[in-house]
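# Residue-level structure breakdown
For reference, the chains in residue letters:
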Amino acid sequence: MPTQVRIFTMPKSLGETLGASSSTTKPLPVQQSQGDKPASPEPKGRNQMMETIPEKPKEGGVTFASQDSLPKLPIPELDQTCKKYLAALKPLQGPREHSETKLAVQDFLKRDGPELQRKLQEYAVGKTSYIEQFWYDSYLNFDNPVVLNLNPFFLLEDDPTPARNNQVTRAASLVVSALEFVRAVRREELPPDQIKGIPLDMYQYSRLFGTARVPTENGCQIEQDPDSKHVVVLCHGQFYWFDVLDDNSDLIMSERDISINLQTIIDDAAQTPIQEAAKGALGILSTENRKTWSGLRDVLTKEEGSNNADCLGIVDSALFMLCLDYTEPATAAALCQNMLCGTNQVVKGIQHGTCINRWYDKLQIIVCKNGSAGINFEHTGVDGHTVLRFASDIYTDTILRFARTINGQAPSLWKTASPDPSKRDPESFGDVTTTPHKLEWDMSPELNIAVRFAETRLADLISQNEFECLDFSGYGKNYITSAGFSPDAFVQMAFQAAYYGLYGRIECTYEPSMTKAYLHGRTEAIRTVSDESVNFVQLFWADGPAEEKIEVLRKACQLHVNSTRECSKGRGCDRHLYALFCVWQRYLDAEGSRSPSSAGYSSPVENGSEQDSVAGSFGQDSTLAMTDGGRSRQRGDSVNSRYADSQVPAIFADNGWDKLNNTILSTSNCGNPSLRQFGFGPTSGGGFGIGYIIKDESINICVSSKHRQTRRFLDTLESYLLEIRRILRITNRKSTMSRQTRAREIDPDKPRPSHHRVKTRGRMITGADNVRAALARSSTGTRSPTEESMMMSEDDELGGYGFFDAGMLLQALKARGEAMDQSEPKASERAAANARRREIGKKLRLVEY
């Protein structure tokens, strides 16, 4: 099955680029994709971010072995999608508004809908997925800063060995484990993800390393160096790099070697006062508006003879970034902020915070001075489930590798391991550079000003958001399942109840469901709010019998489970409707009735005024939500100058479309015991971003908002969780009084053979007389593993693992692109590039460690 990849090439200076283009008389050929031509033509100038190359598993490889057998994501039936769309909107609308939406849907089904459905089906012929290109277009045409808007974070648990929780040791350990993961992916030895024996799509793992989001004047594009073998280290806003893999993706440095390099880098970075380092911290430019950042990249490379192009190429092509922070956040909330957007600490007008120590266009491993570690990732090509596997495996490997230093027979996570670098002939490493080099940027006055203004804008952005955490230890998955509920559905209803209890309103809520059981599957939107959930929250906060409250809670949770199951099979309404919207846009492009877009980008902030909601389920801001000259939009009216000559399909012109895509509670369940917290920024100005992890005996929640009483919301949520447990104990006391395990199941009173008499001497102590006291002391009540497994619902594995995408993708706009150079570099060219590459940056002298 062909797929799309753009091979990384080192950037050239602007002078070289112009010289090459002027000397080239023959235009670059544009590769035509094979297969049937879609009925909906590609608009001219669309930015093709990647070239098409075959995606075939290696012989004997296991990682991608099931790719060819995965089914394609199905295109739902139009009438079923519209039915689910109306069901999702009904509890969010008043009677009159919902009647108008019904009329709009009926009009759509009679007029535009069937034709758009036919065009979508024809477009999907020969495509890997009917939604994939629309998905990428939406992400890559997002013009606002990716920090706090697109990039999520994971906060890892501390290393279980306290002595290893110092910065250098923890960072070196995580780097070695990450490189083993890279090796397993490249050698296709990473076991594929599965759910109940069903293989999942593994394509995203090939996009995780050596990848960068690169802004251009025509929108962003994803570039990747599949042969990348170096890492870039950021410390005090300064850039360093060194090679870590050979040409076979084997490690060429031991953990001790990497520790020496990292200590060398820390010592060198400390030589430059933070006040001076901040003025040249070019990483801050990656937090700019994407169009601005694109122009600044041109500034970086415009002078002939400048080494900025080489430095930029080193950063873009790195396997990943390692950020060594110089702070020790004291609270969970401060740690979460540090992992998501860095700290904002201005001293005498100079930024000292860790926000200058990032590069948001790539995968970043962040390690604080006290060893606290996390991951911040660029979200275009990968979802949370993929990065969760990466985070879990490297955390596990750090523990197992330490265990092998105690017991050489301890197991390994990997099928094969790299040869011990200390026992290899250095000549076998090939053409590598293991000594760290510092990238020395040529700072022009223009760049100095750009860094200054980028920092002040980022400081504003950070100040506009707040982050709070709740580490709820009262109970977790075990107690919830013992009470007969799906953990994910139970927590989702908790969010609904807490918000209603605080504000007395029902708001649009989003949760992703993973669709990786399909080829190149991503996520589908679960719409949590339903008539049943509204009935529950209203009854919960009213006076009523406990039994009735639990009964309506069960109905609401069961409906959520059913919705999750449908969405995991690609049978939601959001992705389908968004694809139909994109097909309509493409039709306008082909007809030429749409004016040129803003250089491939779309921004929710134009001329200083914010637009409203999203055009489709992917984005946060909608061209369809605007008004024309202050006049309220009527159904079927043109809503933007781009659509002035064409009538908008009724369903997209209706207010319900905007309401469903203005997410107030953007939620995502993604985590396991390797993570302490997970989160992301709010997806709307008046909303909350809620990342949560349901563990066996606890629930970890990180909430962000633009100062919307975030702490008070979490306090209300905690009160609800305690109160619902009290109600459950009242209604189901018998089932929660005993805490049995499998070992206890052999103890019931039954006749024993006479030869067992010695084992029955004495009185069995059951604690029946102390049940009430035990319940008062105990924070959990669980069933046996057998009972738990019987009561686990299907969505526990599927619901929420795909990470959020509502409220952050804009409508798919016309993108403009250039033909990409798909030629493979020759061996002689590679050798010349490596020879040139060794000279980039100032070579450091290694320290003793």
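### Considerations on the sheet that holds strand β21 (residues 665–669)
One open sheet accounts for six strands, arranged β16-β24-β23-β21-β17-β18; its pairing is mixed. A single partner strand is all that each edge strand has here, and the edge strands are β16 (466–472) and β18 (523–526). Taking the axes of each pair of neighbouring strands and ignoring which way they run, one obtains an average angle of 20° across the sheet. One ladder, built from two bridges, connects strand β17 (residues 509–514) with β21; its direction is parallel. Across the sheet, the residue bridging to Y510 is S666, located in β21. On the sheet, helix α18 (residues 574–591) packs against β17 and β18 and is oriented at approximately 115° with respect to β18.

### Quick word on the packing of helix α3 (residues 95–110) against helix α4 (residues 112–124)
Their axes nearest at 3 Å, the elements α3 and α4 cross at an angle of 55°. By the angle between their directions, the pair α3 and α4 is classed as oblique. For the pair α3 and α4, the contacting residues are D107, F108, L109 and K110 in the first and D112, G113, P114 and L116 in the second.

### Side note on the environment of E255
Position of E255 among the secondary structure elements: in helix α7 (residues 255–269). For the pair formed by E255 and T169, sequence separation is 86 residues and the distance between their alpha carbons is 8.4 Å. Ignoring anything within four residues of it in the chain, the contact list for E255 reads R164, T169, A172, S173, V176 and R401. A distance of 3.2 Å separates the side chain of E255 from the side chain of R401, its partner in a polar contact.

### Looking at unusual backbone geometry
Residues other than glycine seldom take positive phi values, yet E188 does so here, at roughly 60°. Given a relative accessible area of 7%, E188 falls into the buried group.

### A look at the side chain of R401
Its location among the elements puts R401 in helix α12 (residues 384–406). Among the residues examined, R401 registers a relative accessible area of 15% and is labelled buried. Of the polar contacts made by the side chain of R401, one reaches the side chain of S173; its length is 2.8 Å. Those residues in contact with R401 that sit more than four places away from it in its chain are S173, V176, S177 and E255.

### Describing the pattern of salt bridges
Evaluated as defined, the whole model comprises 37 salt bridges. For K302, the salt bridge is made with E446, and the minimal N-O distance between the two is 3.0 Å. Highlighted residues: K302 in the loop between α9 (290–301) and α10 (308–316) and E446 in helix α13 (residues 445–463), separated in sequence by 144 residues. By relative accessible area, E446 is classed as partly exposed at 39%. What you see here is one network of salt bridges that share partners, running through D159, R164, E255, D397 and R401.

### Concerning the pairing of strand β10 (residues 321–324)
Residues of β10 alternate between two faces, with M321 and C323 on one and L322 and L324 on the opposite face, all of them buried. In terms of strand pairing, strand β8 (residues 230–235) meets β10 through four bridges, oriented parallel. Within β10, the position partnered with C235 by the bridge is L324. In terms of strand pairing, β10 meets strand β13 (residues 364–367) through four bridges, oriented parallel. For L322, the partnering residue across the bridge sits in β13 and is I365.

### Here's the deal with the packing of helix α15 (residues 487–503) against helix α16 (residues 531–540)
It is the contact of α15 with α16, at a shortest axis distance of 9 Å, that shows an interaxial angle of 50°. When the interaxial angle is binned, α15 and α16 end up oblique. Classified by chirality, the crossing of α16 by α15 is right-handed. Touching M493, Q496, A497 and Y500 of α15 are S533, F536, V537 and Q538, all from α16. Class assignment for the residues of the contact of α15 with α16 results in five nonpolar, three polar and no charged.

The rules behind these values
- Residues numbered from 1 in each chain as written.
- Predicted model: local features only at pLDDT ≥ 70, side-chain atom pairs only at ≥ 80, totals over all residues.
- Heavy atoms only, no water.
- Pairing = 2+ DSSP bridges.
- Helix = DSSP H or I, 4+ residues; strand = E, 2+ residues; numbered from the N terminus.
- Axes fitted to C-alpha atoms, helices over the stretch in contact; angles between N-to-C directions.
- Contact = heavy atoms within 4.5 Å.
- Parallel < 35°, antiparallel > 145°, perpendicular 65-115°, else oblique.
- Polar contact = N/O pair within 3.5 Å; in protein donor to acceptor, adjacent residues only side chain to side chain.
- Buried < 20%, exposed > 50% of the residue type's maximum accessible area, 1.4 Å probe, protein only.
- Salt bridge = Lys/Arg side-chain N within 4 Å of Asp/Glu carboxyl O.
- Left-handed = near helix turned anticlockwise from the far one by under 90°.
- Nonpolar A, V, L, I, M, F, W, Y, C, P; charged D, E, K, R; others polar.

Purely spatial values, then, with no claim about function.
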